[in-house]
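# Structure assessment
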Amino acid sequence: MTSIVGPASFKFFGIFPSMIFSFIIPVIGVGLFAYIMARRLAPLLRANPDNRFDHIGQRVKNLIIVWLGQIRHPRYMLAGVLHICIFFGFLVLSIRSTSLVIVGFSDGFVLPGFGGSLGSIYNFFKDYAATVVLVACIIAAVRRGILKPERYAVPEKYGHDHTAEAVFVLGIISVLMISESLFEASQVVSESRFTDHAHFLAPLSLVWIFRAILTSASQNVLQGLHIFAYFVHDITFFFFLCFLPLGKHFHVITSIFNVFFMRVKKGNIKPVMHGVTDEQLDDLESFGVKKLEDFTWKHMLDFYSCADCGRCSDHCPADAVGRPLSPRFITIKARDLMFKNYPLTGEIYKSNLLVEDIYTEDEIWSCTTCGACEQECPLGIEYIDKMVDLRRGMVDEGMVPQSLQKPLKALEKRGNPYGKMEKKRADWANDKEFKENHKIKDLSDKKSKADTLFFVDSITSYDDNIQDIARRTSIILEKAGVDFGILGKKEKDSGNEVIRFGEEMLYQELKEQNSEAILDTGVTQIVTADPHAYNALKNDYGNLPPVKHISQVVAQKIAKGELDLKPCLDPDKVYVYHDPCYLGRHNDIYEDPREALDAIDGLTRVELEKSRDRSFCCGGGGLMLFYEPEEETRMGVLRVNMAAEIGATVIVTACPFCLVNIQDAIKVAGKEGEIEALDFTELIEQHLL
């Protein structure tokens, strides 16, 4: 008797070389995979351009942290840990899978450098990796197929869920782990009978268990298992490779590219067309996304990369309140359309208007551009730019909701959504009691000069209930020793909502007028109490002096000892800080407001479960203060209830949009007298020494 032979030397029925199969399988597998990928690349080649080859250093960093480091996965702990186990197991086993393909041509082949002690170390970890992956697959299959977490559910209007596909893929991965371990175990048992060499196997690993089971097996059984396991692994490996681009598991291939090309700057909106300057916009025949091919190639790559994990929709406030929007299905419906319009065989189908084909108008208008979906996605999929591009296309086609037509016309005519006269923009500063004690410089007067511009923006300038924010901000700046002024009638709406609504040319006009007015003042910095204005001036405009939110100014002045605060006036109250989307998620300002609040001695502050980068939107972004969506409840009501559940009696926010929505929500929720809403500036101004 002799030791078993490998697949390169084995002959079926003693005459037919198995090496032929070892050659045919990868040739067919690679050829078919190349064909499928060529068809899948077709829509990307027809898509609009996208500038994703900038900031290479940051992109490499994202690749290391987000893709390789899997940093976002543990935000859902069990699912995240399971994915990390399978992901890293795959990375470790990729070396083994590569060498196994070549083993079919050369028995005992090992990749260069893996034949000595390094190979022994690798085999040790490889065996445990295969075991961990198998266990993770079993747990994941039970979780997905039996326990079925709610976020994986698919409403009937969106078709069927992908549970069967997910479990099937977990089965394929398990077959790979079992066949590889069985292939090695049968060889180890056979060789141990003919040599004195004792193979050390990782204790309790899958291959270790198989060796124990096969110890008494005959040589014929070992030989059969060895060849059977090899070809099962080989066929399964190439089948899996070709199966990946056919469904949601395409992300196994595309994720590395999608993360590398993911957004590197937050808060801004993509240009109408990459490579087209603002001055050239008038030359464009069409604006925004209307047909599938109007998306950029990166956004199409997003569609391919979606893992259908449901994290985006699980944190989408629009989805939570029953609006007709689920970010997950924005992507899945587009991917299904790509598969339909660009089939693996036959001609390419003509694309129709997306809003009539796969999306609805209400679905696109329901987005508040809060960014929760993008923050949660572990694969760097973007949504805000897609929604804005779709809105640009709808505006270009005249598909504008009735409730938004009036504020848009007012913005075009008066530079604010309320339609009030430009000369009344600074009326808040003329309040009799305020004017007696505080004089505000009007920098629209060439004779007035200041180091800092206080950019007020429309809601704070014109909303009677919000004007106090402007007055209190002014008092805080005075107390902090800041030399500041305002633009007065020369200030226009910042346009943060306008560009996100999709009215590009109106936004360009507002930006041009504001930029010119700001630069004419000669100020060295800009301060605002409105996160929406802060975001637009900082991220969308460009070429302006540095921009700060009032919470940053307060925190910095307190830290330097240039601003002192009294002990808490209401120590019995429980305060909670609500992170505005455009201050937090879009601009990473989380600690400054909290540090300022914590500087008030005796103030009791608690944290919401959904806070910082998981904050829950109030519902005010993207002109939503003027929109009338269909929804089961208000976002603000859900937010108020969250605060009430943790025992908070005061909700502090640092955004006029949030203040309006939360104050209204307190009334709707029937919690007047139980809980109140304060703006950050009101709380700080109350405690100024």
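As the structure is a computational prediction, the values presented were derived from the model and not from experiment.

### Overview of the packing of helix α8 (residues 251-260) against helix α9 (residues 297-305)
At their nearest, the axes of α8 and α9 sit 8 Å apart, and the two run at 145 degrees to each other. Seen from above, α8 lies across α9 with left-handed handedness. Residues His251, Thr254, Ser255, Phe257 and Asn258 of α8 touch α9, and the partners they reach there are Lys298, Leu301, Asp302, Tyr304 and Ser305. Across the contact of α8 with α9, the residue classes tally to three nonpolar, five polar and two charged.

### Looking at the sheet that holds strand β6 (residues 525-528)
Taking strand neighbours across the sheet as the criterion, the five strands line up as β3-β5-β4-β6-β7 in an open arrangement whose pairing is parallel. Each edge of the open sheet carries a strand with a single partner, namely β3 (441-442) and β7 (547-549). Here β3 pairs with strand β5 (residues 484-486) via two bridges, running parallel. In the sheet register, aspartate 442 faces β5, and the bridge partner there is isoleucine 486. Relative to strand β4 (residues 452-454), helix α20 (residues 467-479) is tilted by about 160 degrees, and along the sheet it contacts β4, β5 and β6. Its contacts with the sheet place helix α24 (residues 550-559) against β6 and β7, and it is angled at close to 80 degrees to β7.

### Comments concerning the environment of glycine 31
As for its position among the elements, glycine 31 is in helix α1 (residues 19-46). Given a relative accessible area of 38%, glycine 31 falls into the partly exposed group. When the C-alpha atoms of glycine 31 and isoleucine 348 are compared, they prove to be 21 Å apart, with 317 residues separating the residues in sequence.

### Focus on unusual backbone geometry
Its identity is not glycine, yet lysine 148 carries a phi of approximately 50 degrees, on the positive side. Along the chain, lysine 148 turns up in the loop between α4 (117-147) and α5 (163-194). Owing to a relative accessible area of 49%, lysine 148 belongs among the partly exposed residues under this scheme. The phi dihedral of arginine 612 falls on the positive side, at around 50 degrees, and the residue is not glycine. For arginine 612, the position within the fold is in the loop between β9 (604-606) and α26 (635-645).

### A closer look at the pairing of strand β10 (residues 650-653)
Side chains Val650 and Val652 of β10 all project onto a buried face; the interleaved residues Ile651 and Thr653 project onto the opposite face, where all are buried too. Of the pairings in the sheet, the one linking strand β8 (residues 574-578) to β10 comprises four bridges and is parallel in character. Note that in β10 the partner of tyrosine 575 across the bridge is valine 650. Where β10 lies against strand β11 (residues 676-679), four bridges are found, and the strand directions are parallel.

### Topic: the packing of aromatic side chains
By convention here, two paired aromatic rings are described through the distance between centres and the angle between planes. Taken as a whole and assessed by the stated rule, the structure comprises 33 aromatic pairs. Centroid distance tryptophan 428 to phenylalanine 434: 6.2 Å. Interplanar angle 55 degrees. Geometry classified as tilted. Of the two residues examined, tryptophan 428 and phenylalanine 434, each falls in the buried class. Aromatic pair tyrosine 507 and tyrosine 541: ring centres 6.3 Å apart, planes at 75 degrees, arrangement edge-to-face. In this pair, tyrosine 507 is assigned in helix α22 (residues 504-521) and tyrosine 541 in helix α23 (residues 531-541), connecting sequence segments 34 residues apart. With relative accessibility at 2%, the residue tyrosine 507 sits in the buried group. Using a relative accessible area of 8% as the deciding quantity, one classes tyrosine 541 as buried. Positioned above the aromatic ring of tyrosine 152 is the side chain of arginine 144, whose terminal nitrogen or guanidinium carbon lies 4.0 Å from the ring centre.

### Things to note about the sheet that holds β9
Sheets are built from strands paired through backbone hydrogen bonds, the pairs being either parallel or antiparallel. Sheet architecture is open: four strands sit in the order β9-β8-β10-β11, paired in parallel fashion. On the outer flanks of this sheet lie β9 and β11, each paired with one strand and no other. Here the strands of the sheet are splayed against their neighbours by 35 degrees on average, with no regard to which way each runs. Taken together, the three bridges between β8 and β9 define a ladder with parallel strand orientation.

### Re a nonpolar patch on the surface
The grouping of Phe13, Ile15, Phe16, Met19, Ile20, Phe21, Phe23, Ile24, Val27, Ile28, Ile102 and Phe105 at the surface amounts to a nonpolar patch, some 1,200 Å² of accessible area in total. Per-element accounting of the nonpolar patch gives the leading share, seven residues, to α1. Residue position: isoleucine 20 is located in helix α1.

### Considering the state of the cysteines
What is meant by a disulfide is a covalent connection between two cysteines, made through their sulfur atoms. Under the defined criterion, the tally for this structure stands at zero disulfides. The thiol of cysteine 137 is not disulfide-bonded; the next cysteine sulfur, from cysteine 85, is found 10.0 Å away. The cysteine cysteine 306 is free of any disulfide, with cysteine 312 supplying the nearest cysteine sulfur at 6.2 Å. Judged by its relative accessible area of 6%, cysteine 306 falls in the buried class.

### Comments concerning the domain arrangement of the protein chain
Each assigned domain of the protein chain is listed here: domain 1 (55-260), domain 2 (290-396), domain 3 (402-558) and domain 4 (574-686). For domain 3 and domain 4, the distance between their C-alpha centres works out to 22 Å. Across the interface of domain 3 and domain 4, roughly 2,800 Å² is buried in total on both sides, 76% from carbon and sulfur atoms. Linking domain 3 with domain 4 are one salt bridge. With a closest N to O distance of 3.7 Å, arginine 472 and glutamate 682 form a salt bridge. The interface formed by domain 3 and domain 4 contains six residue pairs in polar contact (both at pLDDT 80 or more). Classifying every residue of the side of domain 3 that touches domain 4 gives 18 nonpolar, ten polar and six charged.

The rules behind the values
- Residues numbered from 1 in each chain as written.
- Predicted model: local features only at pLDDT ≥ 70, side-chain atom pairs only at ≥ 80, totals over all residues.
- Heavy atoms only, no water.
- Axes fitted to C-alpha atoms, helices over the stretch in contact; angles between N-to-C directions.
- Helix = DSSP H or I, 4+ residues; strand = E, 2+ residues; numbered from the N terminus.
- Left-handed = near helix turned anticlockwise from the far one by under 90°.
- Contact = heavy atoms within 4.5 Å.
- Nonpolar A, V, L, I, M, F, W, Y, C, P; charged D, E, K, R; others polar.
- Pairing = 2+ DSSP bridges.
- Buried < 20%, exposed > 50% of the residue type's maximum accessible area, 1.4 Å probe, protein only.
- Phe/Tyr/Trp six-rings, centres within 6.5 Å; stacked < 30°, edge-to-face > 60°.
- Lys NZ or Arg CZ within 6 Å of the ring centre and 35° of its normal.
- Patch = residues over 30% accessible without salt bridge, like charges linked within 9 Å, V, L, I, M, F, W, Y side chains within 5 Å.
- Areas by Shrake-Rupley, 256 points an atom, 1.4 Å probe, with all protein chains shown as cover.
- Salt bridge = Lys/Arg side-chain N within 4 Å of Asp/Glu carboxyl O.
- Disulfide = S-S within 2.5 Å.
- Domains from an automatic or database assignment.
- Buried area = accessible area lost by both parts, 1.4 Å probe.
- Polar contact = N/O pair within 3.5 Å; in protein donor to acceptor, adjacent residues only side chain to side chain.

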